[in-house]
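Structural overview for review
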Amino acid sequence: MTKAKREDHDTHPRRRGQGELEAQVLAALRQAPGARTAGWVQERLGGDLAYTTVITILTRLHVKGAVSRERVGRSFEWTAVADEAGLAALRMRKVLDGEADRGAVLASFVTALSPHDERLLRDLLAQDPTEGED
Amino acid sequence: MGVFVFLPLVLPLTAWPVARLAEHHLHPRMATWLLTGVSGVLAMCSTLSLALLMVVGTAQLPGNPLPDGWSDPEVREAVPYDEIAGKLAIPTLILVLASCARAAWRHHRVRRRAGRALEGLPATSVVVLPDANPYAYALPGRKDRVVVTTAMLATLTGPERRALFAHERAHLTARHHRFLLTVQLAARANPFLRPLRTAVTYTTERWADEEAATRIGSRRTVARAVGKAALISRGAPAVTLAGFASAGPAPRRVAALLGPAPAARLWPSLFTSAGLAAWGAAAGTTISALSSANSAVTLFLILKAATPL
């Protein structure tokens with residue numbers, strides 16, 4: 001009972017930190033000079049992650065377009081394509097694309113323009129005498 | 001009593017001219033507070049009155065757990081067309097509550113997901129993401145962050161970038177997401193309050209623009225930043241109807257910034273056009289809110305009197 005409970009406690013923060021795990025795996029791959037196997041990544045991360053977990057994370061990164069893979073023999077070798085910020089950008093894009101009314105939640109700097117608005121805006125900016133200064 | 005019971009449901013219509021006046025004549029900070037407050041009060045009155053109507057409706061149904069007194073002829077007399085209104089109120093209230101719950105849940109989901117997308121990055125207050133899609137967001141959370149893409153930064157000059165960051169910081173400092181959530185929930189509670197949501201979305205942006213202008217000391221720079229950002233984001237699908245030839249929020253913001261700063265005084269004098277608008281808005285709102293509250297309370301008292309204790 002107590003063991004099960006402790007395990008529950010252990011897995012919970014891990015589940016929440018999935019994004020962090022992805023970033024760690026990506027960081028490890030980025031340190032490698034070339035393509036590396038999942039086993040190399042697992043070793044590099046200090047071995048507290050199961051091999052299957054590393055594979056899962058690498059596959060997820062591949063789906064997001066942050067790593068590329070190449071079949072070598074019977075397994076894959078992985079190469080980092082994006083850095084941590086690039087990965088965050090891909091993830092953020094997915095969140096924003098998935099939410100139709102995100103404007104109602106996140107205060108965006110600007111909203112989309114109609115053609116009429118665009119003309120109006122160009123006129124307004126053209127009137128501004130200090131355009132191009134400071 | 002009569003038709004008074006229905007007043008809280010339709011009185012939000014009076015908020016439309018109020019929203020227009022406040023949007024055009026008041027300082028954005030005050031307009032935001034006023035319109036959000038009005039929106040919240042009217043939505044609560046409307047929902048309360050719907051709930052009371054539902055009680056009358058439910059009390060008619062056989063086998064209901066409510067006191068029998070609630071379907072007495074005296075109570076029914078207070079509600080015109082009680083048969084229809086009471087029964088219509090049941091699905092309507094359920095719909096309103098479900099819609100509000102969904103909006104609130106969605107609000108938190110977007111914030112949670114956006115926060116999670118940034119996991120693994122250093123905990124800085126500004127996050128720059130390499131993305132060809134230009135956007136900038138204020139992301140409230142345990143740690144407030146400004147998220148901006150390289151494409152957005154690339155189009156702005158140094159001072160304009162400072163204007164952008166000052167704008168987003170203003171959103172976070174003034175907790176604008178709370179205003180936005182309030183008016184969004186209100187618009188779900190009563191569709192007549194939708195124009196207030198649109199108005200508050202605009203006034204919070206104007207508020208942040210004005211804060212940014214004060215912070216960096218140049219209204220023109222903020223205007224240019226808003227204008228340029230809007231022009232490069234134009235590829236995004238427009239939410240507004242393109243056929244509508246009225247100016248959208250971005251050109252109006254730029255025009256407002258190129259004009260003189262709005263008076264920061266809390267309550268302008270009654271003898272100016274801005275003052276007349278402000279006081280008119282306040283008076284109209286107070287009357288609406290009081291009438292709403294009055295009929296909600298009256299119906300509540302009737303039901304209370306009909307409850308055998």
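Residues numbered from 1 in each chain as written. Chains lettered and ligands numbered in written order. Predicted model: local features only at pLDDT ≥ 70, side-chain atom pairs only at ≥ 80, totals over all residues.

What to know about the overall build of chain B
In terms of helices and strands, chain B carries 12 helices and three strands. Considering only intrachain contacts with a sequence separation of at least 6, the fraction spanning at least 24 residues in chain B is 73%. (Helix = DSSP H or I, 4+ residues; strand = E, 2+ residues; numbered from the N terminus. Contact = placed C-beta atoms within 7 Å.)

Brief notes about the overall build of chain A
The helix and strand inventory of chain A stands at six helices and four strands. Looking at the 134 residues of chain A, the share that counts as buried comes to 31%. When contacts within chain A are restricted to residue pairs at least 6 apart in sequence, long-range pairs at least 24 apart make up 47% of them. (Buried ≥ 20, exposed ≤ 12 C-beta atoms within 10 Å, placed from the backbone.)

A word on helix H7 (residues 158-173) of chain B
Between its first and last C-alpha atoms H7(B) spans 22 Å; for 16 residues at 1.5 Å apiece the expected length is 22 Å, and the two agree. Arg175(B) sits one or two residues past H7(B) and shows a positive phi near 50°. (Expected span 1.5 Å × (residues − 1).)

So, the confidence of the model for chain B
All names here are of chain B. Per-chain confidence: chain B averages 80 in pLDDT, with 84% of residues scoring 70 or above. Predicted confidence is poor over residues 235-246, with pLDDT under 50, and the contacts of this stretch with residues over four places away or in other chains come to 12 contacts. The ipTM, which scores confidence in the relative placement of chains, is 0.71 for this predicted complex, and the corresponding pTM is 0.78. (pLDDT = per-residue confidence, 0-100.)

Comments concerning the pairing of strand S3 (residues 75-80) of chain A
All names here are of chain A. As judged from the two bridges shared by strand S1 (residues 36-37) and S3, these two strands associate in the antiparallel manner. Looking at the pairing, Arg 36 lines up with Trp 78 of S3. The antiparallel hairpin formed by strand S2 (residues 67-72) and S3 contains two residues in its connecting segment, where Gly 73 sits at a positive phi of about 65°. (Pairing = 2+ DSSP bridges.)

A word on the sheet that holds S1(A)
All names here are of chain A. Spatially, S1-S3-S2 is the arrangement adopted by the three strands of the open sheet, whose pairing is antiparallel. The sheet terminates laterally at S1 and S2, the two strands that pair on one side only. One ladder, built from six bridges, connects S2 with S3; its direction is antiparallel. For Arg 71, the partnering residue across the bridge sits in S3 and is Phe 76. Of the strands in this sheet, S1, S2 and S3 touch helix H2 (residues 18-31), which is tilted by about 85° from S3. (Axes fitted to C-alpha atoms, helices over the stretch in contact; angles between N-to-C directions.)

Description of helix H4 (residues 51-64) of chain A
Residues and elements named next belong to chain A. In a regular helix each residue adds 1.5 Å, so 14 residues correspond to 20 Å; H4 covers 20 Å between its end C-alpha atoms and thus fits that length. Every buried residue of H4 is accounted for by Val 54, Ile 57, Leu 58 and Leu 61. One face of H4 carries all of its buried residues, which in axial projection span an arc of 100°. Among the exposed residues of H4, those oriented more than 90 degrees off its buried face are Thr 52 and Val 63. Next to the buried residues of H4 lie H2, helix H3 (38-44), S2 and S3. One or two steps after H4, the chain reaches Gly 65, where phi turns positive at roughly 85°. (Arc of directions from axis to C-beta.)

Brief notes about the packing of H7(B) against helix H10 (residues 219-232) of chain B
Residue and element names in this part refer to chain B. Two elements in contact, H7 and H10, have axes whose closest approach is 8 Å; the angle formed by their N-to-C orientations is 85°. It follows from the interaxial angle that H7 and H10 lie roughly perpendicular. Across the interface between the two elements, Pro 159, Glu 160, Ala 163 and Leu 164 from H7 touch Thr 221, Val 222, Arg 224, Ala 225 and Lys 228 from H10. Split into classes, the residues belonging to the contact of H7 with H10 amount to five nonpolar, one polar and three charged. (Parallel < 35°, antiparallel > 145°, perpendicular 65-115°, else oblique. Nonpolar A, V, L, I, M, F, W, Y, C, P; charged D, E, K, R; others polar.)

Looking at the nonpolar core
With 60 residues, the main nonpolar core has Val25(A), Leu26(A), Met92(A), Val147(B) and Val226(B) as its most contacted residues. Filtering out sequence-adjacent residues up to four positions away, Leu26(A) remains in contact with Leu61(A), Ala66(A), Val67(A), Ala80(A), Glu84(A) and Leu87(A). One finds Ala22(B), Leu50(B), Leu53(B) and Ala186(B) within the second-largest nonpolar core, a separate group that totals 44 residues. (Core = buried A, V, L, I, M, F, W, Y, C linked by C-beta atoms within 7 Å.)

A few points about the environment of Val226(B)
Following the sequence through the fold, Val226(B) ends up in helix H10. Taking the C-beta count within 10 Å as the criterion, Val226(B) has 30 such neighbours and is therefore assigned buried.

Re unusual backbone geometry
Residue and element names in this part refer to chain B. Of note, the phi angle at Arg 175 is positive, near 50°, even though the residue is not glycine. Inspection of the secondary structure puts Arg 175 in the loop between H7 and helix H8 (176-189). According to the C-beta neighbour criterion, Arg 175 is exposed, with 12 such atoms within 10 Å.

Considering the confidence of the model for chain A
Residues and elements named next belong to chain A. Residue-level pLDDT values for chain A average 74, and 72% of them are 70 or greater. When mean pLDDT is compared element by element in chain A, H4 scores highest at 87, while helix H1 (residues 2-16) scores lowest at 43. Note on residues 1-16: pLDDT is under 50 here. Beyond four places in sequence and across chains, it has zero contacts.

Comments concerning the packing of helix H2 (residues 15-25) of chain B against helix H9 (residues 194-216) of chain B
Residues and elements named next belong to chain B. In contact at an axis separation of 9 Å, H2 and H9 are set at 10° when each is read in the N-to-C sense. In terms of their interaxial angle, H2 and H9 are classed as roughly parallel. Note on element contacts: H9 touches H2 through Pro 195, Leu 196, Ala 199, Tyr 202 and Thr 203, opposite Ala 15, Trp 16, Ala 19 and Glu 23. Counted by class, the contact of H2 with H9 contains seven nonpolar, one polar and one charged residues.

Description of the environment of Arg71(A)
Looking at the secondary structure, you find Arg71(A) in strand S2. Considered as a pair, Arg71(A) and Val25(A) are 46 residues apart in the sequence and their alpha carbons are 19 Å apart.

Some thoughts on the environment of Leu49(A)
Residues and elements named next belong to chain A. Tracing the chain through its elements places Leu 49 in the loop between H3 and H4. Remark: the alpha-carbon pair of Leu 49 and Leu 21, spanning 28 residues in sequence, is separated by 9.6 Å. Leave out the neighbours within four places in its chain, and Leu 49 touches Gln 42 and Val 54.

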